Amino acid sequence: MLGEHLVLDREGFAAVLRALVETGHDLVGPTVRDGAIALDTLHGIDELPEGVGDEQAPGRYRLRQRDDLALFGYATSPHSWKRELLPPRVPLVQIRRGPHGLAIEAPPPPSRKVAFIGVRGCELAAIGVQDQVLRDGAYADADYRARREQVFVLAVHCSSPAGTCFCVSMGTGPRAGSGFDLGATEILDGEHRFVVEIGTPAGRAIIERVASRASTPADRAAAAAVTDSAATRMGRTMPAAGLRDVVMANLEHPRWQAVADRCLGCANCTMACPTCFCTSVEDTTDLSGDVATRARRWDSCFTDGFAYVHGGSVRPSLRARYRQWLTHKLATWHDQFGTSGCVGCGRCITWCPVGIDITEEVAAIRGDARTRNHDG
Amino acid sequence: MDDLEGVLKAHSFLAGLAPEHTAFLVSCAKNVRFRPGEFLMREGDREDTLYLIRQGTVTIEMPRLGGEPICLETIGPGDVLGVSLLTPRAAHLDCRAREAVVALALDNACMHRKMDEDPRLGYTISMRLLERTYERLARARLQHLDVYR
Amino acid sequence: MMPVVGPYVPRAMTIARATRELADVFTYSFDTPAGFAFRPGQFNMLYVHGIGEVAISISGDPAEPQRLVHTIRAVGTVTRALDHLGEGSVLGVRGPYGSAWPVEDAKGRDVMVIAGGLGLAPLRPAILQVLANRADYGRVTILYGARSPSELVFREELQRWRGRFDVRLEVIVDHASRDWFGPIGVVTKLLDGVPVEPDDAVFLCGPEIMMRFATRELEQRGVPRDAIWLSLERSMKCGVGLCGHCQLAGSFVCKDGPVYRLDRIAPYLQVREL
């Protein structure tokens, strides 16, 4: 039944992963690689980061050893599900030049069934944000839409927020909102178990294949306690009310220059951000020049050539480009899509080499605005 | 010319001027005609006349050695030529009638006398000249940018 | 019409006619017997094999959808590559995209079209549509400014418009020699000599500096911002609001523009480097 909560033990969770494989899904989920949690192909429960935790701060990321066997005892990975749904490079169309003109061929849409394992609330919200941009507008990105249709979401409600998390401020966590097929809370108190909510018929079909037991009120209370506790341990806050208007009213605030003086324009934030969607189209040909490929690849508004007209950039200064990123993310995204572009995952803070913290930047601009309102 | 005052009033430069002021200026004004090719002003000449163009086109040109003059701008009905009424200076450009031109010529010396006598008139004329000059400057700068390149 | 799979896949089209307008400006027209319907002001993404795509306004007659026309200046990589093509060459075409000049909505009003340089090309479809329905409009005035007499485009058409009794066409150039008998100066100078009313519907297209200057002079003459439309240009990669390049604050120029009513976009145009 949708909305029903079942309980799985560790073996039951492993069985769910196997059931997904048996029903033709590739598994993608968190695993330890190169000193970080990466989202990669999984083959089973043994590849999950058991007993691993993380420490995140502006410009800082470390894995640490937990003193338990939690499978999801860490926050966000440098990767986001954007890598699966909007891959860094996707061929769009191939054009073959021949004696009769151009033969234009689009590659077949991807038809791979994938199960995303361990999707967090902020990440699920980010997928929803990108759905609006890339799938639900007047023109849909065909590749994104095709990939999106084949995704099974096994969400995990967070237990261990990191120092840069602020999903509570953005209303996206620590509990994942609707949109998952199965939503699990990992409980380490007493028996290591998962309280799993059935979100969709597809989720039910999978969980019915494994042994589970019905949840008791105590189980559900324990699950709630995990996320309630996580909600009190946010690393940061960013009050979101009225943020759009405050940002748009401060387009010439001196803070933009101050942050630009620190910013390297490295574009890490845009690559790590799960909602950033900017891409470019790249043209390549084979050696004969007869076969041309157009491919969509990630791009970033931080690059100098991003907004180029008539031999010049529209935003030549780093200040303008930083402002563009943040005002889009927090303000004009509302005008375009009716929501914020930020889900409070904190990746941009963790992965900024100089530790720029958008919550701090926003507080500075807001704080000034509040002061000005008092004076004026 | 019979109704010089009427003709003065009708020109946009003096539009809305108080009737007593227009009447005051009449004695400085005369109606003039230029044949095609005739100069209203030449580079180096003392500018001693303010022209209010009524009909025809005047080219504003820079003469040069060994080549055709460079046309910078054309002015026509409603425009004003000789905005240096306020300071004595030599013309820095040629102004030539491209076709038959009819204009009101206002003698600078006479204008100065009138403006000294009636400071309000002086103020009004000065402000209007400034406005015309500013507009000319703004447009000249835009023209200089060569935006269609 | 060939079905299109996904918004990034172009259709192949063959250049049927190529005309040189100026040294660096050329017009290509394509036969589209099934009809390529578009609204004045819209653009296509034109693809040159192996080189890339560029957004180019459609410059043809909306009442003749069986012929698709583009007027292009060779100024960048793709447009220079386009310049090397000719009749019989095959391009990729995606579109039409973008917003349109409000030609229908302007019915019943006096219309003023102000074009600077190659800005006349995106305005041409609107002018043709207005003239094809002439009785639906009041006064029709076209003001066209170009760099010099040898850089006027659509010369024959200008003469045809000039020859009509129900249109006022004034042309001015920035530079000219003695054999030009028209006015010399910036295009806004032409505003001095024509009636300009607050009720006019004004369509404006040209270099951004020229459009800013023109809107200032129009406002000085009492034309409100909600009566002025202009066409903006921004870097475009996808043309359909998916790649993010063309954004101007909260607006995607490829979807919400390129034609904008001035009051809706003016606050953003005033912020440097936005």
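Placed above this text is the structure.
Everything numeric here is computed off the predicted structure, so don't read it as measured data.

**Description of the overall build of chain A**
Okay, step 1: In terms of helices and strands, chain A carries 13 helices and 16 strands.
Okay, step 2: Against the globule reference of 21 Å for 376 residues, chain A gives a C-alpha radius of gyration of 22 Å, in line with a compact fold.
Okay, step 3: Expressed along its principal axes, the backbone C-alpha trace of chain A runs to roughly 75 × 65 × 35 Å.
Okay, step 4: Across the 376 residues in chain A, those meeting the buried criterion constitute 55%.
Okay, step 5: Of the contacts made within chain A by residues no fewer than 6 positions apart, 71% connect residues no fewer than 24 positions apart.
Okay, step 6: Carbon and sulfur atoms make up 51% of the accessible area of chain A, which amounts to about 15400 Å² in all.
Okay, step 7: Of the charged side chains in chain A, 42 are positive and 45 negative, and the gap between their average positions amounts to 4 Å.

**What to know about the state of the cysteines**
Okay, step 1: What the rule picks out here adds up to 1 disulfide over all chains.
Okay, step 2: Disulfide partner of Cys 28 of chain B: Cys 110 of chain B, at an S-S distance of 2.0 Å. One quick way to see it: the torsion about the S-S bond of Cys 28 of chain B and Cys 110 of chain B is about -75°, and its sign makes the bridge left-handed. Of this pair, Cys 28 of chain B sits in the loop between helix 2 (19-25) and strand 1 (29-34) while Cys 110 of chain B sits in helix 3 (residues 108-117), and the two are 82 residues apart along the sequence. Comparing Cys 28 of chain B with Cys 110 of chain B, the two get one shared label, buried.
Okay, step 3: Cys 263 of chain A takes part in no disulfide bond, and the closest cysteine sulfur to it belongs to Cys 269 of chain A, at a distance of 6.6 Å.
Okay, step 4: With a relative accessible area of 12%, Cys 263 of chain A lands in the buried category.

**Some words on the pairing of strand 8 (residues 140-146) of chain C**
Residues and elements named next belong to chain C.
Okay, step 1: Where burial is concerned, most of strand 8 is hidden: 7 out of the 7 residues are buried.
Okay, step 2: Across 6 bridges, the pairing between strand 7 (residues 111-116) and strand 8 is parallel. Counterpart to Val 113 in the pairing with strand 8 is Ile 142.
Okay, step 3: Note on the crossover from strand 7 through helix 2 (residues 120-132) to strand 8: the handedness is right-handed.
Okay, step 4: You can see the chain leave strand 8, run along helix 3 (residues 155-163) and come back into strand 9 (residues 168-173), and the turn it takes is right-handed.

**Looking at the interface of chain C and chain A**
Where the parts come together, the accessible area they lose is often given as the size of the interface.
Okay, step 1: Listed by partner, the interface residues are 39 residues for chain C and 50 residues for chain A.
Okay, step 2: Carbon and sulfur atoms supply 61% of the area buried between chain C and chain A, which totals about 3500 Å² over both sides.
Okay, step 3: In this assembly, chain C and chain A are joined by 1 salt bridge.
Okay, step 4: Connecting chain C to chain A are 14 residue pairs in polar contact (both at pLDDT 80 or more).
Okay, step 5: Sorting the residues of the side of chain C that touches chain A by element identifies strand 1 (11-22), strand 4 (52-57), strand 6 (90-97) and strand 13 (251-252) of chain C as the ones contributing at least two each.
Okay, step 6: The dominant element in the side of chain C that touches chain A, judged by the number of residues it contributes, is strand 6 of chain C, at 5 residues.

Conventions adopted
- Residues numbered from 1 in each chain as written.
- Chains lettered and ligands numbered in written order.
- Predicted model: local features only at pLDDT ≥ 70, side-chain atom pairs only at ≥ 80, totals over all residues.
- Heavy atoms only, no water.
- Helix = DSSP H or I, 4+ residues; strand = E, 2+ residues; numbered from the N terminus.
- Rg over C-alpha atoms; globule rule 2.2 N^0.38 Å.
- Buried < 20%, exposed > 50% of the residue type's maximum accessible area, 1.4 Å probe, protein only.
- Contact = heavy atoms within 4.5 Å.
- Areas by Shrake-Rupley, 256 points an atom, 1.4 Å probe, with all protein chains shown as cover.
- Lys, Arg positive; Asp, Glu negative; His and termini not counted.
- Charge placed at Lys NZ, Arg CZ, Asp CG, Glu CD.
- Disulfide = S-S within 2.5 Å.
- Pairing = 2+ DSSP bridges.
- Right-handed = clockwise from strand over helix to strand, strands pointing away.
- Buried area = accessible area lost by both parts, 1.4 Å probe.
- Salt bridge = Lys/Arg side-chain N within 4 Å of Asp/Glu carboxyl O.
- Polar contact = N/O pair within 3.5 Å; in protein donor to acceptor, adjacent residues only side chain to side chain.

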